Amino acid sequence: MYASTRTRTRTRTRTALAIGIAAGLLTLSATTASSAPASARAPHTERLAVSPTGEQGDSYTYGPEFSADGRFAVFSSEAANLVPGDTNGQRDVFVRDLRKGTVERVNVSSDGAQADNTSTSFDISRDGRYVLFTSQARNLVHRDTPPPAEEWVDDVYLHDRRTGTTERLSFGLDGRSVDAGGAAMSADARWIAFTARPNRMEADDPNGYRMLYLLDRETGTVKRVSERTRPDWTSVLYDVSDDGSRIVYNQLQYRGPGSALWAYDIREGTRQQLNVTPDGTPTTVMAVDASLTANGRYVAFSSGAPDLVPDDTNGTETDVFVRDLVTGKIRRISHDAETAFGTQSPEISPDGRYVAYEATPRNRDTGYFGVGNVYLRDLRTGSVRLVSQSATGGTVEDQSVTLYSVTRGGKEVGLASGSTQLVPDDTNGVTDGFVRHLR
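Cut-offs used in this document
- For every chain, the first residue of the written sequence is number 1, and numbering continues from 1 onward in sequence order.
- Given that the model is predicted, a residue must reach a pLDDT of at least 70 before its local features are reported, and side-chain atom pairs must reach 80 or more before they are shown or counted; all residues, however, enter totals for whole chains, interfaces and linings.
- Each side-chain value is derived from all of the structure's non-hydrogen atoms; neither hydrogens nor water enter the calculation.
- Per the convention used, a helix needs a DSSP run of H or I reaching at least four residues, while a strand needs a run of E reaching at least two, with both numbered from the N terminus.
- The rule is simple: take the accessible area with a 1.4 Å probe, protein chains only, and divide by the maximum for that residue type; under 20% is buried, over 50% is exposed, in between is partly exposed.
- Two strands qualify as a pair provided DSSP detects at least 2 bridges between them.
- Only C-alpha atoms enter the line fits that serve as axes; for helices the fit covers just the stretch in contact. Angles between N-to-C directions range over 0 to 180 degrees.
- Only buried residues count toward a nonpolar core. Its members are Ala, Val, Leu, Ile, Met, Phe, Trp, Tyr and Cys residues joined through side-chain atoms within 4.5 Å.
- Whether two residues are in contact is decided by their heavy atoms, any of which lying within 4.5 Å being enough.
- A side-chain nitrogen of Lys or Arg and a carboxyl oxygen of Asp or Glu constitute a salt bridge if their distance falls within 4 Å.
- Each aromatic pair joins two rings of Phe, Tyr and Trp (for Trp, the six-membered one) with centres within 6.5 Å, and gets the label stacked for planes under 30 degrees apart, edge-to-face for over 60, and tilted for any other angle.
- Whether a charge sits over a ring comes down to the Lys NZ or Arg CZ being within 6 Å of the ring centre and within 35 degrees of the ring normal.

(A) Summary view of unusual backbone geometry. At Asp311, a residue that is not glycine, the phi angle is positive and equals roughly 65°. Unlike most non-glycine residues, Asp425 shows phi in positive territory, near 60°. Among the secondary structure elements, Asp425 is positioned in the loop between strand 28 (412–417) and strand 29 (432–437). According to the relative accessible area criterion, Asp425 is exposed, its value standing at 66%.

What follows is the structure in structure tokens.
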């Protein structure tokens, strides 16, 4: 499952159907749009933020993460017209049932109270039951010691859509907030990874740079994952594999060029650096935006390093790479250099067959490089298809499209964009979240 600096939260694109969800779950606090999406149509693009009466969202919406079967999409939105009674004026977290067309708000307290401050979605479990998010709200759970009035920082929460309960997962010293920077979880919601400030988590560590921590919900134990030898390198979490075997994260030198992309083995407690040359030497160029397959074996990431693979002759242009964490083999995924500038921000499908990525194609009218679009490569056949296809065909050319997630088999891809060209009648003038149905 996934998280990133773009608050996508990795896909939690997963491997099992949404079996065993109680019938009440599917309608809990949900609203139904006037017309459910026509799932039989493929390919097509669906907008996430739609009101119960079919109007487009009235404010900014961000891209989704998916349940295993692609049925449920979790996303953040500042729109106030997606569900009745949304009067808090904050960014909230919603789940859209792509089969029924219903939308439900999930960053609420166990008694249904809306959050009194901003929240951000990060993940959804394989069956769509659990939603992981961060929030600065003070009223989602009871606190014995409320935070200071002037302090508005994030904690990590898990909402159970079956029972309607919301629990706080991150606890600092004396129960204080941890100032979380991101979160991700395994597909069964057992393993919760999050970044937080050590001076809020550990009595003997005054460091204020965020580090990575791992919660085992089965035992209730929390451990630090980030190494302690680089206290001035902040940690950025990207993903937790669906099976709970690995975490992929970055440690970045806050003031300097240092960067190390790590894969951490949860069972063994070991880590391996991913941005290394064929002989194992760390590269001097940053590697970012990593994404894991469901079994944790393959990781996709982007880097401008010219020495990760032999014959990388495009200079400092960013490429996408896929590394096999068992064999150590690495493969470069580069878009056509004649028609696009750079290839970055990948999402690998849970089954490892497809990699979606962003690339900037040339404008077909001017010949100059235009805006970023999203593509999907089949790693088995080598074929590439345009994901961010405009409503009239071809690439989007007014505003860049951001990639968030991809499901098993490359069936659905999560996007966000301020473009007005992805769906007809997009006139709200703000960023929207989308699902591109490819099959």
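(B) Quick peek at the sheet that holds strand 2 (residues 44–47). Spatially, 2-29-28-27 is the arrangement adopted by the 4 strands of the open sheet, whose pairing is antiparallel. If you trace the sheet from one side to the other, it starts and ends with strand 2 and strand 27 (401–406), each paired once. Averaged over neighbouring strand pairs, the angle between their axes works out to 30° when direction is ignored. Bridge count between strand 28 and strand 29: 6 bridges; the pairing is antiparallel. Each bridged residue has a counterpart across the sheet, and for Gly414 the counterpart in strand 29 is Val435.

(C) Region of interest: the nonpolar core. With 18 residues, the main nonpolar core has Leu132, Val156, Leu169, Met185, Ile192 and Phe194 as its most contacted residues. Excluding residues that lie within four positions of it along the chain, Phe194 makes contacts with Val156, Ser170, Gly182, Ala183, Met201, Met211, Leu212, Tyr213, Leu215 and Leu237. By size, the runner-up hydrophobic cluster in this structure holds 17 residues, among which are Val236, Tyr238, Leu308 and Leu325.

(D) Broad picture of the sheet that holds strand 7 (residues 119–124). With antiparallel pairing, the 4 strands of this open sheet are ordered in space as 7-8-9-10. Each edge of the sheet is formed by a strand with only one pairing partner; in this case those strands are strand 7 and strand 10 (166–168). When the angles between neighbouring strand axes are averaged without regard to direction, this sheet yields 25°. In this sheet, strand 10 lies alongside strand 9 (residues 155–160) in antiparallel orientation, the contact comprising 3 bridges. The partner of Tyr157 across the bridge, within strand 10, is Arg168.

(E) Spatial organisation of the pattern of salt bridges. Tallying each qualifying case throughout the model produces 25 salt bridges. With its nearest N and O atoms 2.8 Å apart, the salt bridge here joins Arg71 to Asp97. On the criterion of sequence distance, the pair formed by Arg71 in the loop between strand 3 (65–66) and strand 4 (72–77) and Asp97 in strand 5 (residues 92–97) is long-range, its members being 26 residues apart. Ionic pairing is found between Asp312 and Arg332, a salt bridge with its closest N-O pair at 3.5 Å. Of the two residues, Asp312 is situated in the loop between strand 20 (298–303) and strand 21 (319–324) and Arg332 in strand 22 (residues 330–333); the sequence distance between them amounts to 20 residues.

(F) Here's a closer look at the side chain of Thr283. In this structure, Thr283 sits in the loop between strand 18 (270–273) and strand 19 (287–292). Once residues lying within four places of it in the same chain are set aside, the contact partners of Thr283 are Asn275, Val276, Thr277, Ala305, Asp307 and Leu308.

(G) Quick peek at the packing of aromatic side chains. If you walk through the whole model with that rule in mind, you get 5 aromatic pairs. Aromatic pair Phe75 and Phe94: ring centres 5.8 Å apart, planes at 25°, arrangement stacked. With Phe75 in strand 4 and Phe94 in strand 5, this residue pair connects regions lying 19 residues apart in the sequence. When the ring of Phe301 is compared with that of Phe321, the centres are 5.8 Å apart and the planes differ by 25°; the resulting orientation is stacked. Remark: Phe321 occurs in strand 21 and Phe301 occurs in strand 20; sequence separation between them is 20 residues. By the burial criterion, Phe301 is buried, and Phe321 matches it. The residue whose ring lies beneath Arg161 is Phe72, and the NZ or CZ to ring-centre distance is 4.6 Å. The ring centre of Trp233 lies 4.4 Å from the NZ or CZ of Arg230, which sits over that ring.

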